Structures are given as C-alpha cells and as structure tokens.
Amino acid sequence: MARSEEIDIIPGTDIIFISDPGDGENTSSNSVVLVPQPTSSPDDPLNWSATWKTVVIFNQFVFVFVSIMTPLAISPMTSIFEAEFHKTLPEVNMLFGAAAITLGYANFLVVPAANLLGRRPVVLVCGVICILANIWQGLVTSYPSFLGARVVSGIGAAANESIMPMVIADLLFLHQRGSSMALYFWAYFLGLFIGPIISGAIASQISWRWFFWVCTILQGASFIFLLVAHPETKYDRPTPPRTPASSTPGTEKPENGTISSASSDSQTRSQPPQQPAITAADHGATGRPSRSQFSLLPLRKRLRFGHSYTGTHSIASTLLRDVISPVKILVCYPIVLWASLAMSFAANSLLALNLTQAQVFGAPPYGFTPAQIGLVNLAFVGGAVVALGTAGPLSDRVALRRARANAGVLEAEMRLPALLPYAFANLAGMTVTAVGYQRAWPWEVVVVLGYGLVGLQVVGIPAIAIAYAVDSYKALPGEIMLAATIVKNTFGFGMIFFFNDWAARSGYIKPVLMLMGLTFGFSILGLCIFIPYGKQFRRWTKDSKLHSL
C-alpha cells in the first residue's frame, strides 16, 4: 500500500507505524504511533511512568484474584455443604450459581457508575461489599442465609468483570493492551484455579468457615492497597476538531505521520489531525497521578447537580445510555456478539470441569478427599501460566508484524490468527477429559493433559477475542466486558441446573464434548468470518454514536 494513498480509516483501523525519513517503508519499534494520542498533561494516565502503571495494574490484579476467589471457589466443599445443610448436589451448586449470575448482572450498575464517578470509588465500594459478604459467609448457619450471602458476594465481586479492562484501556496504548488483557484473564482464572486448592485444603484441615475468614483477610489487604496506591485512571480527553469537510468521510491520508480513526472515535485521537503524531520514540512517560486523583471521589468537581461530568447530558440519560449500550452492542455489533460467545464458551468449558470434578474424583476409582480434589486445579494453573506468556504477547506480535507488512496500517482483525492454537488446545483438552472421565483413565492423564490444556485455552481465547472487540470499539471496554460477562454468566448459571444430572444420566462424553464443540466451533467460525470480512462489519457501525461515549 502506498503511503500516499487514501486509507479507509474507521474505528478499529489505525496508522500504527510511520517511516523515519530516508527509511522508505522500513519501520522499527520506536516508530510505533501511540494510539490513543497522549495529552501534554503529566497527570494523563497515558503519561504516567512505567512504575505507576505497574502499581495500578498490580493492584487491579490482586483485587481481581481475591474477589473472584471467594464466590467461585467452593467446588471442593460440595460434599461438606451437602452434609452440613442437608441439600442435594444441584441445590449446593445453586450457591455457586447465585454468586455467578449476580456477579454478571450487577455490572449493569458497576459499569455506569465507573463511567460516571470514576474507577477508583467504584472499586473501593465493591471491595467493602466483598469484605462484608465474606464475614457473612463465615457466620452463616442456614442455607437461605448462605444463599443471600452469596448474592451479596457476587455484587461486590462484579467489579472484577469490568473495571480492570477499563483501567487497561485508560493506562495503556493500543499496541500494549494484548499482554495486559492476558494478564487480566490470568488473574481472573487464577482466582478460580487457586481458590479451590485453598478452600479444599482449609476445609479438610480446619473448617470450611475458615476459608471465608482467610478471604476476608486477603480482601482487606487488597482494599488497603487500592486505597493508598490506586489513583483514578478515568481521564476526559479533549475531543479533536472535525476533519475538513473536503476530506473523504472516514478517511485521511497518513501524511507527516498523522493518525486518525473514524471521525466519531474520539478516543483514538487527542491531537488535531494537522499535527504530527506522537510515536513511542517521542513519548517520555515520566508523569504521575495528581493529588486529586487519589481523592475518594476524584470526579466530584466535574459533577454538577443534574449533569454528568461532561456537562452535556443529565445523569439520568447518562446512566440510561450506559445500561442500554451493552445490550445494543451485543445485539447489533456482530464482532462483540462473537467475542462474547467465544469468551463464554471457553470460560464455561472450565466451569464444566469445576462442576464435575467433585462428582468424578470424589467417587471410585479415585476416592479423592476435598483437599485432593482442590489440588487437581494446579493443572489449570500450569496451562494458564503458559497462556499468560504466550496469548497476549503472541497476539500483539502477530498484529504488529502484519501492520508493518501493511504499510503501517493496523486493522483490528490482524491479531485474530493468534487464536488458532488455543482453539485446538480446547479441542484436545476437553476430548481427553471427557473420554478420561468416562473410562476412568489414570488421573495423571486427565488432570495433567486434559486440565492443563483447558487452563491454556481459558486464558488464551478470551484474551484475544476481547482484545479484538476492544480494538474495534475503543470507547467501549467496560460495555464490551459487561456484554461478554452477561453471556458467560447466564450460560454458566443455566449449566448448574442440568450439567451434573446429564453427566450422571448419560455419561460425561456428551456434556463435556458439547462445550468443546461450542468453543472450538465458534472460535473457528469467527476466524473464517472476521479475518476476511471483519472490517466490513466495523464499517457498518462506524457512524454509531456509541463511538463517542
């Protein structure tokens, strides 16, 4: 592609490389164009030093890990709860389901609040709710009370489904986000993997109640970290001037290193289009958060009675917009729908094994104790560690390499080929597990190979699929995660009513391979559709007002 040609710049298409004078089409890592463009303010989160960015992401990592561990790590204690509360397996699974479904739908409150008030106050409030819910769970004496505590726990933990992706989009440039999204999913699923190990060991050695007391201590430590070292990352970027009327709508020439996205995508540009673009070589990230960004309500000075922080919409209309947006993008944006389904099926492949591990390994020929059942989750951890080191960096490298070959133009679809190995990991891991369950293979084969590969795909597929959706619609990271979470948790909630009974009635092969077929099938279907035609889908939605949220 000649640099002088007009490029069809729409949301999800960016000029990510520029050539140094005299280098022709050759580009280097230092010529990466920063998307979005940072402002000149030192308290712009994009300008914060690497140390501050690392501290904030680490705090989010800890919060996600701890807050997801409590509500979704009780599977090794299933038999204990059956005996303690005299309930059946499906009724005990409802304790999991109540937290999971609340955790998803509570984001209809969390995401609008984070957009209106900021990330910091919302995550702090959710941290307090988690602490109180943990105390309640440690004190419950009846099943109804336990169920209520699980619902409250899900409300507090809801922030881990959406806030960290929003913070990543606030802090990092486009070419850095793949690795951090993988880190987010690693933190999320690490809580699911390590939680059962901890809960099983504590329940076997001390008491199941002490698991919730340990979680209370960890959640309290996380809250302190957030309070003292998690500044507000939401930053209102200046809206760039419109392109001249003579320009082709949605297109601009990349002259003088200028970048742009669609005219409605205000978050991809913070410099007027006539100014040279800032590259990685030009950008000195030495800023730090201001004192006001550490206040309990950092955006309160921008709030006026009856108006949002933008001053252009009422609070009611802003909240309504944020509630409707996730539903709209899920129904009307095929890319978001596919990413949500891909994430849902990959995550619920893991849930299928969580729901059945006590049923399988607690019975002959295995006869595992709750502690031993918890330890099988170490295989998930091993797979997730591999995915952390490969999924995000691999998708970033694939995308940047293809952008270099495309005259520096990065299309959102360029990271999608990196999804392929993780789709095949799901195919192999779920097949080994299903057949191993049914035929009582040695636990080493089922756990090390089957569980390990499932742990690999459960980080890899969501990280790449959601990163693709966020690249396509940069202004909507929270709404995309909310849409994906609703799909994932609703499907998972439905599974608790039929999955164990189906496995007991028909064997493990059919239900487990159903999840494999959905995950592998939708992953491959997405690659076949969106690699060649994804830009056309983005073009259909380029004029949506949602790009300017």
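A quick note: this is a predicted structure, and the numbers were derived from the prediction, not measured.

1. Considerations on the overall build of the chain
Phase 1: Per the secondary structure count, the chain includes 17 helices and 4 strands.
Phase 2: Here the chain, with 549 residues, has 61% of them falling under the buried criterion.
Phase 3: Of all intrachain contacts in the chain linking residues separated by at least 6 positions in sequence, the fraction that spans at least 24 positions is 81%.
Phase 4: Total accessible area on the chain stands at roughly 20000 Å², and carbon and sulfur atoms take up 66% of it.

2. Quick word on the environment of Phe17
Phase 1: Its location among the elements puts Phe17 in the loop between β2 (13-15) and α1 (50-69).
Phase 2: Exposure remark for Phe17: the relative accessible area of 0% places this residue in the buried category.
Phase 3: Spatially, the C-alpha atoms of Phe17 and Val409 are 7.0 Å apart, while their sequence positions differ by 392 residues.

3. Comments concerning the environment of Val448
Phase 1: As for its placement among the helices and strands, Val448 is situated in helix α15 (residues 443-472).
Phase 2: Counting along the chain gives 68 residues from Val448 to Phe380, while the straight-line C-alpha distance between them is 8.5 Å.
Phase 3: Non-local contacts of Val448, meaning those with residues more than four positions away in its chain, are made with Ala379 and Trp443.

4. Quick word on the side chain of Thr519
Phase 1: Inspection of the secondary structure assignment puts Thr519 in helix α17 (residues 509-540).
Phase 2: With relative accessibility at 0%, the residue Thr519 sits in the buried group.
Phase 3: Separated by 3.1 Å, the side chains of Thr519 and Ser349 make a polar contact.
Phase 4: Discounting residues that sit within four places of it in the chain, Thr519 has contacts with Phe345, Ala346, Ser349, Asn426, Gln457 and Ile461.

5. Some points on the pattern of salt bridges
Phase 1: Here the structure, examined in full by the defined rule, presents 10 salt bridges.
Phase 2: As a salt-bridge pair, Glu411 and Arg538 come within 2.9 Å of each other at their nearest N and O atoms. With a gap of 127 residues between them, Glu411 in strand β4 (residues 409-411) and Arg538 in helix α17 connect regions that are remote in the sequence. Per residue, the accessibility class of Glu411 equals that of Arg538, and both read buried.
Phase 3: The partner of Lys542 in a salt bridge is Asp543, with the nearest N and O atoms 3.3 Å apart.
Phase 4: Residue Lys542 is classed as buried on the basis of its relative accessible area, which comes to 19%.
Phase 5: Take Asp543: its relative accessible area is 64%, and that puts it in the exposed class.
Phase 6: By sharing partners, the salt bridges in this structure join Glu411, Glu413, Lys535 and Arg538 into a single network.

6. Some points on the side chain of Thr78
Phase 1: Of note, Thr78 is situated in helix α2 (residues 78-85).
Phase 2: Taking relative accessible area as the criterion, Thr78 reaches 8% and is therefore assigned buried.
Phase 3: Side-chain polar atoms of Thr78 contact the backbone oxygen of Ser75, separated by 2.6 Å.
Phase 4: With sequence-adjacent residues up to four places away left out, Thr78 is seen in contact with Leu89 and Val92.

7. Some words on the confidence of the model for the chain
Phase 1: For the chain, per-residue confidence averages 83 on the pLDDT scale, and 85% of positions sit at 70 or higher.
Phase 2: Counted against residues more than four places away or in other chains, residues 21-30, with its pLDDT under 50, gives 17 contacts.

8. Side note on the nonpolar core
Phase 1: Phe185, Phe189, Phe361 and Ile466 are the most contacted members of the largest nonpolar core, which has 142 residues in total.
Phase 2: When residues of this core are assigned to their parent elements, the largest contribution, 17 residues, is made by helix α11 (residues 334-361).
Phase 3: Counting 12 residues, the second-largest nonpolar core is a separate cluster that includes Phe17, Val32, Val35 and Leu174.

9. Concerning helix α6 (residues 143-157)
Phase 1: With 15 residues, α6 should reach 21 Å at 1.5 Å per residue; the first-to-last C-alpha distance of 21 Å fits that figure.
Phase 2: The set of residues buried in α6 consists of Tyr143, Phe146, Ala149, Arg150, Ser153, Gly154, Gly156 and Ala157. The buried side chains of α6 occupy one side of the element, clustering within an arc of 160° when seen end-on.
Phase 3: Taken together, the buried residues of α6 touch α1, α2, α3 (89-105), α5 (119-139) and α9 (208-229).

10. Looking at a nonpolar patch on the surface
Phase 1: On the surface, Phe58, Ile224, Phe225, Leu227, Val228 and Leu296 cluster together into a nonpolar patch covering about 580 Å² of accessible area.
Phase 2: Counting residues per element, the nonpolar patch draws most heavily on α9, which supplies 4 residues.

11. Regarding the environment of Thr390
Phase 1: Note on placement: Thr390 falls in helix α13 (residues 378-405).
Phase 2: For Thr390, a relative accessible area of 29% puts it in the partly exposed group.
Phase 3: Spatially, the C-alpha atom of Thr390 lies 8.5 Å from that of Ser179, the residues being 211 residues apart in sequence.
Phase 4: When residues no more than four places from it in sequence are discounted, the contact partners of Thr390 are Ser395 and Tyr422.
Phase 5: At 2.8 Å, the side chain of Thr390 and the backbone oxygen of Val386 are in polar contact.

12. Things to note about the packing of helix α8 (residues 177-205) against α13
Phase 1: The contact between α8 and α13 brings their axes to 8 Å, and the two run at 175°. Between α8 and α13, the interaxial angle falls into the category roughly antiparallel. Residue-level inspection shows Arg177, Gly178, Ser179, Ala182, Leu183, Trp186, Leu190, Phe193, Ile194 and Ile197 of α8 in contact with α13, the latter providing Leu378, Phe380, Val381, Ala384, Val385, Leu388, Gly392, Pro393, Ser395 and Asp396.
Phase 2: Of the residues that constitute the contact of α8 with α13, the class distribution is 14 nonpolar, 4 polar and 2 charged.

13. Quick notes on α3
Along an α-helix, residues three or four apart share an orientation, since each turn contains 3.6 residues.
Phase 1: Taking 1.5 Å as the rise per residue, α3 with 17 residues should run 24 Å; its terminal C-alpha atoms sit 24 Å apart, in good agreement.
Phase 2: Of all bends in α3, the biggest is about 30°, found at Leu95.
Phase 3: Across the 17 residues that make up α3, a large majority, 13, are buried.

Thresholds, definitions, all that
Residues numbered from 1 in each chain as written. Predicted model: local features only at pLDDT ≥ 70, side-chain atom pairs only at ≥ 80, totals over all residues. Heavy atoms only, no water. Helix = DSSP H or I, 4+ residues; strand = E, 2+ residues; numbered from the N terminus. Buried < 20%, exposed > 50% of the residue type's maximum accessible area, 1.4 Å probe, protein only. Contact = heavy atoms within 4.5 Å. Areas by Shrake-Rupley, 256 points an atom, 1.4 Å probe, with all protein chains shown as cover. Polar contact = N/O pair within 3.5 Å; in protein donor to acceptor, adjacent residues only side chain to side chain. Salt bridge = Lys/Arg side-chain N within 4 Å of Asp/Glu carboxyl O. pLDDT = per-residue confidence, 0-100. Core = buried A, V, L, I, M, F, W, Y, C linked by side-chain atoms within 4.5 Å. Expected span 1.5 Å × (residues − 1). Arc of directions from axis to C-beta. Patch = residues over 30% accessible without salt bridge, like charges linked within 9 Å, V, L, I, M, F, W, Y side chains within 5 Å. Axes fitted to C-alpha atoms, helices over the stretch in contact; angles between N-to-C directions. Parallel < 35°, antiparallel > 145°, perpendicular 65-115°, else oblique. Nonpolar A, V, L, I, M, F, W, Y, C, P; charged D, E, K, R; others polar. Bend = angle between axes of the 7 residues up to and from the residue.

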